[in-house]
Amino acid sequence: MSKNLVLTGLKESFFPRGNFCLGPWCNKEQNKKLKYISAKLSLPSDLQKSQKCDFYYERLVEDVFSNFEKNFDLKWNKKSWEIFIGNWLHRYISVLYDRYCHLLFLKDKKFEKIKLLKYSKYSLITQDNQNFIFNSNRDEWNLALYSIIIDKLNIKNRFKIIYINLSSKNITKIKKFNKKKPKKKFLFSNFVNPINKKIIFNLYLKDNSSYLSFIKHFKIIPIKHNFYVSLNYPKKNSKIRKMEFTTNYKKIDNFEILLRELFYEFVPKFYLEQINSLKKNYNIYFSKLNPREVYTSVGLQHDSDFKFWLANLNSRKAVNLNILQHGCHYGSTKYSYAEKLETKLSNNFFTWGWKGKNKNIVPLFNFNNIKVNTKKSKNCKKILFVLASYYHYRLENHTGTIWGEKVKLYYDSLFNIVDLFNRNKKTSIFYRSPPNEKTLDNQTSKILKKQFNITKFDNNKIEFTKAIDKYDLVIFATETTAFLEALSANKPCLLLAKKELSEHRKDFINKFEKLKKIKIVHTTEKSLINHLKYIENNLNS
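The numbering scheme is per chain: residues are counted from 1 as the chain's sequence reads. pLDDT decides what is reported in this predicted model: residues at 70 or higher carry local features, side-chain atom pairs at 80 or more are listed and counted, and totals for whole chains, interfaces and linings draw on all residues regardless. Where side-chain values are given, they derive from all heavy atoms of the structure, hydrogens and water being excluded.

*Asks:* Explain the pairing of strand 11 (residues 348-351) to me, and be specific about the residues and the numbers.
*Replies:* Any two strands with at least two DSSP bridges between them are considered paired. The way it works is that DSSP assigns letters per residue, a run of H or I at least four long becomes a helix, a run of E at least two long becomes a strand, and they are numbered from the N terminus. Of the strand pairs in this sheet, strand 10 (residues 320-324) and strand 11 are connected by 3 bridges, and their pairing is parallel. In the sheet register, Asn 322 faces strand 11, and the bridge partner there is Asn 348. Here a crossover is taken to be right-handed if, once the strands point away from the viewer, the path from the first strand over the helix to the second is traced clockwise. As for the winding sense of the linkage, the β-α-β connection from strand 10 through helix 10 (residues 337-345) to strand 11 is right-handed. Examined bridge by bridge, strand 11 and strand 12 (residues 361-363) share 3 bridges and lie parallel to one another. Note on strand 12: the bridge partner recorded for Phe 350 is Val 362.

Right under this line is the structure:
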C-alpha cells in the first residue's frame, strides 16, 4: 500500500489512495477513514512552544528595531516598536514555529509522495494583522508556507514531490479596499477629552449603555474623534523587501535564521509600504493630540492610525496606557500571548475581576454586564447548546483556543455529547453555531446535520444575551466569553470543560473547582448528562 503525505485540507493535496494526513486540519469534514500522523510525532507542548516563541520574539523585536530604524526616519524606542508591530510579530513567529515543528519532527518517517507548490511563483504578503490571521487559517496559504519550509530544511529527498498549480489569487486573499468611512455602530466609538487630556479608542463595549457606564466610572467627558483614516495599500512592493534582514546576534539557531530570511516575504504591507501614508496622516490629523492618558481594549490588535500615533506619542513623552480586558481566556488560561504583551506594554491593565502578579494589573469588572438581565422562560423545556468556534491551523500561542491538533479532540467530545443528547428525548435541544462559522470555515453545523440529522438551530444573528431569553438552560461545548456573560446575567447554564481542550493557571483552578462542586462545570460528557437528567423537570430554577 502506498503511503503519501498530505499537508493541508486542500483537495489538490490529496492522492487517489494511501493518504496520511499531517494533522486534523486536513480533515475538515471529520472523515473517520483518514489517518493522522501529528498525534504520533514528539511535538513540543503548548507551553514549551510558548516559552520558545517568547525567547525568539525578544530577540527578533530587537532586530526589527535596528532594521526599520535604518530604512525609516522614526526615532522610536523598543516599547513604541512593540506597540506598532509587536502583536503581528509574535504571531508571525508562532505560526512559522508551529509549521516548522510539524516538518522537523517527521524525523525518519518515510513517505512515497507529497504535493507542494513552487512557492517562488506566489506571494504570501498580507495587508495587515487581521488579513494575516485570515490567511494563516487557509489551506492554500499554508500549503505555500509548508512548501517554503520543506525547501529551507532541505528535506526534499525524503519524498517524490509532485508540484501543483494554483491561481496566485487563491494563495493570499486580500480584502477589498473600502473607500467609505466605517459606519459607527455606537454613539461613542472613539473620543477625546481635551479637559482631562484623555483619549479613548476601540473599547470592547457592546452598546451605548456600556459606554456610558465606562464614562461615568472613569469620569470622562466624551468628544468624538476618528482614528480610522482611509489607507490605500500600494500594489507595488517596497524595494526594502529585496534587502537583507540583518541581525545583531552572533549566535542564532536554524529557526532564527529562517525567521530572518523570510521576514520581508511575510511582513504585511501595513508595517512597510504603508508607513509613509501613516506618517502623512499623523502630520495632518494627529500630531497635535497630546493626552496624558489613553484607554483602549483591542487597539493594539487591530491595525489603524491609532497604533502609529500611539507609538509616536510614546517615543516623545510619558503617557499612561490603560488597557481594558476583552475576553479570550485572560486571567484563566495558562498562557496567552495577547495578555502577556498587553500587560507588559500597559501602565494599567483593567481586568474583569481577577488579580495578577504585576502591580499594573487592576481588578475591575466587565462594563458589558452591568445592565444585562435575562428574562426567565416559563419552563418550556428548551435548551440551547452553544457550539465552539475553532481555527484549523494554529494562529498563535494560547492554551485556551481550539486549533490544530485540538480540533479533533473537540469533535470527539462534541460527537459524544450529541449522541447522549439524542438518547434523551424529553428535552428539546437547539444548537447555536458561532457567528463567524463561515469566515473560519468551520464545518460543525454541516457535520451535525449530516451525521446526526440535527435540524434545530438557533438564529446566530441575534445578539447572544438576547437570544438566550427564550431558553430554560444554556449549555456550552467549551469555555468562551459567552459563558461568563451567561453567568453574569444569572442565566442557568452548564459548561463542558474538557481538560484536553484548555489548561488553567493555578489561581484560577480553585475558582473552577467551586463551579464544579455546584454542578455548573463538568469535565466529562457523562457527568453533564447525568446532571441534566437530574434537573430536567425544572430547568430554569
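*Asks:* Residues and numbers for the pairing of strand 6 (residues 190-193), please.
*Replies:* Both faces of strand 6 are covered, namely the face carrying Asn 190 and Val 192 and the face carrying Phe 191 and Asn 193. In this structure, strand 6 lies alongside strand 7 (residues 198-201), joined through 4 bridges in antiparallel fashion. The partner of Asn 190 across the bridge, within strand 7, is Phe 201. Counting the residues in the hairpin turn of strand 6 and strand 7 gives 4 residues, including Lys 197, whose phi is positive at 55 degrees. Relative accessible area decides the class of each residue, using a 1.4 Å probe on protein chains only: under 20% of the type maximum gives buried, over 50% gives exposed, and in between gives partly exposed.

*Asks:* Let's hear about the side chain of Ser 304: which residues, and what values?
*Replies:* Here Ser 304 is to be found in the loop between strand 9 (293-296) and helix 9 (305-316). Not counting the four nearest positions on each side in its chain, Ser 304 is found in contact with Phe 201, Phe 227, Tyr 228 and Phe 270. The contact criterion used is simple: two residues touch if any of their non-hydrogen atoms lie within 4.5 Å.

*Asks:* With reference to specific residues and values, describe the environment of Asn 226.
*Replies:* Of note, Asn 226 is situated in the loop between strand 8 (223-224) and helix 7 (254-266). Here Asn 226 falls in the partly exposed class, since its relative accessible area comes to 29%. Spatially, the C-alpha atom of Asn 226 lies 9.2 Å from that of Phe 306, the residues being 80 residues apart in sequence.

*Asks:* Tell me about the layout of surface pockets, residues and numbers included.
*Replies:* Grid points spaced at 1 Å and placed over the protein atoms alone form the basis of the search, with a cavity being a set where a 1.4 Å probe fits but cannot get out and a pocket an open set showing protein on both sides within 12 Å along at least five of seven lines. Lining residues have an atom within 4 Å of a point. Grid points are joined across faces, edges and corners, and a volume is the space filled by probe spheres set on the points. Taken as a whole, the second largest pocket spans an internal volume of roughly 570 Å³. Lining the second largest pocket we find 19 residues, and of these Lys 334, Tyr 335, Glu 339, Lys 357 and Arg 505 sit closest to its centre. For the lining of the second largest pocket, the elements supplying multiple residues, two or more each, are helix 1 (46-71), helix 10 and helix 15 (506-517). If one sorts the elements of the lining of the second largest pocket by residue count, helix 1 sits on top with 4 residues. Considering only residue class, the lining of the second largest pocket consists of 4 nonpolar, 6 polar and 9 charged. The nonpolar class holds Ala, Val, Leu, Ile, Met, Phe, Trp, Tyr, Cys and Pro. Asp, Glu, Lys and Arg form the charged class, and all remaining residues, Gly among them, are polar.

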